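Structural overview
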Amino acid sequence: MTFTEVYTDRKNRSRQAKRPPRRGTFTAAGFLCALLLALTGLGGCGKEEEEAETDTDYTVVGFSQLGAESDWRSSNTESIQSVFTEENGYELIYENGQQKQSNQITAIRTFIQQEVDYIVLAPVTEVGWDTVLQEARDARIPVILIDRRVDTGDSTLYTAWVGSNFYLEGCKAAAWLQSFTEKAGIAAEDLHIVNIQGTIGATAQIGRTRGLREACERNGWDLLEEISGDFTQTKGKEVMESLLRKYDNINVVYCENDNEALGAIEALEAAGLAVGSDLAAGEIMVISFDGINQAAVEYLKKGKISCIVECNPLQGPKLLEVIEQLKKGETPPRYSYMEEKIFSANRSVLDVEVDGNKYPVTFMWEE
Ligand code: AHR
């Protein structure tokens, strides 16, 4: 069965969802009932009134978010919550997986029991989803992935995906470094890079790591080490400290998100090192991803972070479009990509080229 057939079949079934009662809402019927009770002192309201409170025909979406590890993640959650509102005809059940796949699997199973209309999954890592996605399919609930992807033997286990091209992001960052060093006259063998990776096995980590790794091989850059910072500021700082104890020639720190970059900069500065693009003067260059964390954007404007490749977390509107299309029995695009820019305060690189395509650099600087 294709996902459209699954949906249509599901839509045609007469089904009363076992929805959790809506919290924090006070309907007119409920209010009148309470008023009547207070005035007459009579016993409980009838079942009809009780049901009137929960009977509104909302589309119920169960959202399994992977965690709250970064500012990007918080913006992503807010973006989803801002569109799946009661005003738009939705009830959103949000579950935070705390960066654990087992928590996300439990959340999905709970959504299935609750007979939600759609499941939205932001998977923490790529593998290990087949069984639970099959369970959702057996229950005829379409699953829409956001942000990262799943690695499954049967890609029809999910209906659609909305997110970023993480490999392209990595290629853009590496292309910026290549172009910058070429213009600055820095020889390939003089680059000594460490990669503070994201959560190992997450699509964002896999794509960004691959983009840098390939560029290192192609350009003959020295990739000293790859080590996970789990996309968090605390871990970014911790691993940067350990890298500084191990190597004395690091001059480029490639961080797979802004929170790690903030942690790494903290460690570098605490060690008495200067961050910036002037490698000849001994500065250490930091390159990062996201562009949503305000502190990181301020660092970019000051030149402390040399380049940020944007990862756009505002996926709510595109996701809403996908679900609206499914509700109408239409077939949404299987993959919807977010628009993303490249930011820098350094004006030497105007654009970068990846696979024959040019991407402009947006300049941001301190006023
Ligand atoms: O999957 C997207 C990545 O996850 C973002 O770059 C990062 O900040 C987040 O934690």
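The following refers to the structure shown. Predicted model, so just to flag it, every value in this text is computed and none were measured.

Counting 28 residues, the largest nonpolar core has Trp176, Ile193 and Trp221 as the members making the most contacts within it. When residues of this core are traced back to their parent elements, those giving at least two are α7 (166-184), α8 (203-219), β8 (252-255), β9 (285-290), β10 (307-310) and β13 (351-354). At eight residues, the largest contribution of residues to this core is made by α7. Setting aside its immediate chain neighbours within four residues, Trp221 contacts Ala174, Leu177, Gln178, Ala188, Leu191, Ile193, Leu212, Ala215 and Cys216. Counting 24 residues, the second-largest nonpolar core is a separate cluster that includes Leu262, Leu268, Ile308 and Phe343.

Once that is clear, we can look at the pattern of salt bridges. Once the charged atoms of two side chains with opposite charge are near each other, the side chains can pair. Applying the stated criterion across every chain, the model contains 16 salt bridges. One salt bridge in this structure joins Glu135 and Arg109, with 2.7 Å as the shortest N-O distance. Of this pair, Glu135 sits in helix α6 (residues 130-138) while Arg109 sits in helix α5 (residues 101-113), and the two are 26 residues apart along the sequence. For Glu298, the salt bridge goes to Lys301, with nearest N and O atoms at 3.5 Å. On the criterion of helical spacing, the pair formed by Glu298 and Lys301 is a turn pair, its members being three residues apart in helix α11 (residues 294-302). A relative accessible area of 25% places Lys301 in the partly exposed class.

Let us now look at the site of the ligand. Every residue close to the ligand is listed here: Glu69, Ser70, Trp72, Arg73, Asp147, Arg148, Phe166, Ala204, Arg208, Phe231, Asn257 and Asp290. One nitrogen or oxygen atom from the side chain of Glu69 is found 2.3 Å from an oxygen atom belonging to the ligand. In isolation the ligand exposes 280 Å². Once the protein is present, 100% of that is buried. Elements supplying a minimum of two residues to the shell around the ligand: α4 (71-83) and α8. Classifying every residue of the shell around the ligand gives four nonpolar, two polar and six charged. The residue makeup of the shell around the ligand includes at least three contributed by each of domain 1 (3-48 + 59-163 + 314-335) and domain 2 (166-312 + 341-363).

Procedures and definitions
- Residues numbered from 1 in each chain as written.
- Predicted model: local features only at pLDDT ≥ 70, side-chain atom pairs only at ≥ 80, totals over all residues.
- Heavy atoms only, no water.
- Core = buried A, V, L, I, M, F, W, Y, C linked by side-chain atoms within 4.5 Å.
- Buried < 20%, exposed > 50% of the residue type's maximum accessible area, 1.4 Å probe, protein only.
- Helix = DSSP H or I, 4+ residues; strand = E, 2+ residues; numbered from the N terminus.
- Contact = heavy atoms within 4.5 Å.
- Salt bridge = Lys/Arg side-chain N within 4 Å of Asp/Glu carboxyl O.
- Near = heavy atom within 4 Å.
- Polar contact = N/O pair within 3.5 Å; in protein donor to acceptor, adjacent residues only side chain to side chain.
- Areas by Shrake-Rupley, 256 points an atom, 1.4 Å probe, with all protein chains shown as cover.
- Nonpolar A, V, L, I, M, F, W, Y, C, P; charged D, E, K, R; others polar.
- Domains from an automatic or database assignment.

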